[in-house]
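Understanding the architecture of this molecule
Each chain is listed here by its residues.
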Amino acid sequence: MGFGRLAAMRHGLAQVAELDFPVVGTLTLDSYTRVGDHVTPLERLAAGEEVNGYPLVSYTAEETRELLRGLEGPTFPVQVRHGTALPLPVFRSLVAAGLDATEGGPVSYCLPYSRLPLTEAVDAWAESCRFLAGETEFGHIESFGGCLLGQLCPPSLLVAVSVLEGCFFRQHGLRHMSLSYAQGTLAAQDRGAIRALRTLAAAHLGDVTWHVVLYTYMGLFPRTPDGATGLIRDSARLARDTGCERIIVKTVSEAWQIPTVSENLEALRLAAAEAAVPSDLGAEPDDGYYAEVLEEASLLVDCVLDLDPDVGTALVKAFSRGLLDIPFCLHPDNRGAATTLIDDRGALVWGARGRLPLPGPAHGTEPARLRSDQLHNMLNHVVNRYDKHGAMVSG
Amino acid sequence: MRQPFRSLLVTVESDSHMWNLVYLQKVLEENGGQVRNLGACTPVAEVLRAVGEEPPDLLVVSSVNGHGLHGARVLLQALREQGLEVPCVVGGKLTTAESNNGAVRAELLLLGYTEVFTGDDAIARFQDFLRFGKSEGFSAWQADAAVVAPWDAPTRSIVEVY
Ligand code: B12
């Protein structure tokens, strides 16, 4: 949740803090701040316009402390979500405001969020991790690797990037982290992927504390209130069924505009209520998906870590060789040879693999071959399912 | 009109959304356009350079993060300052509230955008626009006057007679 004005931001957080179930407050930063422009947000606000989040760096540390006073604390932690490729100014501001939890990663906050060279982001994230680890006792970063562009990404790549960013954080001194995964197109595949994420994280991050955070579907969202509600509910079930320690929800406004505070509260209540219902997991096994995702994600992680003892260098090499390749990502350092398809099970799978070190045919539908209507159909796969059947859809 | 027509596809500096650009590139290509896609968070300077190097038949600005209105203003002003005249259209989600769409369209048309595409039928209207542009030239397009109540369109201060 993010609002440009101090009063609106405080009001929003205060309402969230009052909920009678465990919640984490979020300060979501505006996108001028995300690209390092700390002047425009205050100018636009002064001109009577709105910005799409909270301009943490433009306000003074004292203003943010004041905003959080009496709200933020052990029972109501506040996390900063920001999407910056060069995060040091944001890290400095959040630490100065008394906070210690944030989100991102050298890959996941660069390729989807900027056009800056990956090498610059890797250096800046390394420095920022060391800063956070040095300045705070429990500094925490949640990798955004499980989201990337928000949709149409095979789960194995999401799992691999989350784990690799975890390794990067660990190398740069952080001891507390979370690994993310964004709900995809099929619950059974998602359950398998989350199990695979835990297996891989246990293997690579044994000596730090980590947990798993699920994001409600991060792509094109259903437009009807029933459809959006159904999707949020299913994400809460997914989190419950897979034992995710945290879930980040969307709202019924997602397809349209920045949500209001009450829409945020409604979404939090919905997810909390759903997560409290006992699991009714029955029929659909996820063993096949687990094995599939684990195999691919392990290959990706091992192949990258073998490139260089320094995780950041390994990540840069991997992208430049196309060994990591985010489908449809336009960033100049992304090879852009891989594509995703939704198969007849409804699962996300590779179309073209480009140079990814994965078994299977290298050539599927290449990015340029895909027609606009095919892309449109894939982007709208989840929208259509939920808007047609609304709250009826499940599992 | 040159066939295929040349288009330059950009977004505003603070906007990192890409799916809109990936999708619009395909729509433009399928409608007979050649596309130079400058990618996410397009710096104004890069748009100026690209337009200066090789003036496109159409400049397409797409933004969905809610900062498009301001970014579109800044971009057009920069083009003007460089003396670069090119038919340009803008679309997407241009502020943080859908209810602003009418006023936003009015303001951006007034500033000099050839057309503004927001809301549900944006792509359908864009396709009509492309069809027209290909035969008549994009700068010959006459946008329908925006339907906004004067008090909803505070583009400049409203002058009242006492
Ligand atoms: C995927 C997504 C992301 C991904 C983007 C990955 C990437 N790099 O591309 C991630 C997770 C990284 C992300 C980040 C953010 N996002 Co975002 N995102 C979305 C989401 C869920 C889907 C967008 C999408 O894929 N669209 C697919 C394309 C094909 O459709 P489209 O973008 O809507 O474009 C269509 C039309 O608008 C139109 N159109 C667009 N441009 C043009 C131009 C012309 C000329 C024409 C004719 C038509 C046209 O044509 C397209 C096809 O119909 C939307 C919500 C939604 N729609 O469900 C939010 C949304 C766009 N995001 C939003 C915001 C605010 C952000 C963030 C600031 C974080 C935040 N505060 O929530 C950051 C922005 C970072 C930045 N610097 O800009 C808001 C924008 C709010 C607003 N305008 O009021 C939205 C609407 C969500 C919301 N309700 O809050 N996002």
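Here we summarise the structure given alongside this text. (Residues numbered from 1 in each chain as written. Chains lettered and ligands numbered in written order. Predicted model: local features only at pLDDT ≥ 70, side-chain atom pairs only at ≥ 80, totals over all residues. Heavy atoms only, no water.)

Examining the overall build of chain A
- On a plain count of helices and strands, chain A comes out with 14 helices and nine strands.
- Expected size for 395 residues packed as a compact globule is a radius of gyration near 21 Å; at 20 Å, chain A falls within 12% of this value.
- Taken along the three principal axes of its C-alpha coordinates, chain A extends 55 × 50 × 40 Å.
- Counting only carbon and sulfur atoms, one obtains 54% of the accessible surface of chain A, whose full area is about 14,900 Å².
- Placing the 32 positive and 48 negative side-chain charges of chain A at their respective mean positions leaves the two points 2 Å apart. (Helix = DSSP H or I, 4+ residues; strand = E, 2+ residues; numbered from the N terminus. Rg over C-alpha atoms; globule rule 2.2 N^0.38 Å. Areas by Shrake-Rupley, 256 points an atom, 1.4 Å probe, with all protein chains shown as cover. Lys, Arg positive; Asp, Glu negative; His and termini not counted. Charge placed at Lys NZ, Arg CZ, Asp CG, Glu CD.)

Observations regarding the side chain of Thr185(A)
Residues and elements named next belong to chain A.
- With respect to the element layout, Thr185 can be found in the loop between β5 (176-182) and α8 (187-204).
- Judged by its relative accessible area of 5%, Thr185 is buried.
- Within the structure, Thr185 has its side chain in polar contact with the backbone oxygen of Gly346 (distance 2.7 Å).
- Residues within four places of Thr185 in sequence aside, it is in contact with Asp190, Ile342, Gly346, Ala347, Leu348, His381, Val382 and Arg385. (Buried < 20%, exposed > 50% of the residue type's maximum accessible area, 1.4 Å probe, protein only. Polar contact = N/O pair within 3.5 Å; in protein donor to acceptor, adjacent residues only side chain to side chain. Contact = heavy atoms within 4.5 Å.)

Quick notes on the site of the ligand
- The environment of the ligand is formed by 44 residues, the closest being Gln151(A), Gln257(A), His17(B), Met18(B) and Ser62(B).
- Those chains with residues close to the ligand are chains A and B.
- At 3.4 Å, a backbone N or O of Ser253(A) approaches a nitrogen atom of the ligand.
- With respect to the ligand, the backbone of Gly91(B) contributes an N or O atom lying 3.3 Å from a nitrogen atom.
- Elements supplying a minimum of two residues to the shell around the ligand: α2 (31-34) of chain A together with α1 (19-30), β3 (58-63), β4 (88-92) and α5 (122-136) of chain B.
- A per-element tally of the shell around the ligand places α1(B) first, with four residues.
- Here the residues of the shell around the ligand sort into 22 nonpolar, 18 polar and four charged. (Near = heavy atom within 4 Å. Nonpolar A, V, L, I, M, F, W, Y, C, P; charged D, E, K, R; others polar.)

Observations regarding the packing of aromatic side chains
- Per the counting criterion, the structure on display carries 16 aromatic pairs over all chains.
- An angle of 75° between the planes, with centres 6.4 Å apart, marks the rings of Phe168(A) and Phe169(A) as edge-to-face. Taken as a pair, Phe168(A) and Phe169(A) share a single burial class, namely buried.
- Taken together, a centroid distance of 6.4 Å and an interplanar angle of 10° make the contact between Phe126(B) and Phe129(B) stacked. Here Phe126(B) and its partner Phe129(B) are both found in helix α5, three residues apart, which amounts to about one turn of the helix. Accessibility classification places Phe126(B) together with Phe129(B) in one group, the buried group.
- Cluster of aromatic residues (ring-pair linked, three or more members): Phe5(B), Phe117(B), Phe126(B), Phe129(B), Phe132(B), Phe138(B) and Trp141(B).
- For the cation-ring pair, Arg92(A) lies above Phe131(A), with the distance from its terminal atom to the ring centre recorded as 5.1 Å.
- Sitting over the ring of Tyr290(A), Arg195(A) keeps its end group 4.1 Å from the ring centre. (Phe/Tyr/Trp six-rings, centres within 6.5 Å; stacked < 30°, edge-to-face > 60°. Lys NZ or Arg CZ within 6 Å of the ring centre and 35° of its normal.)

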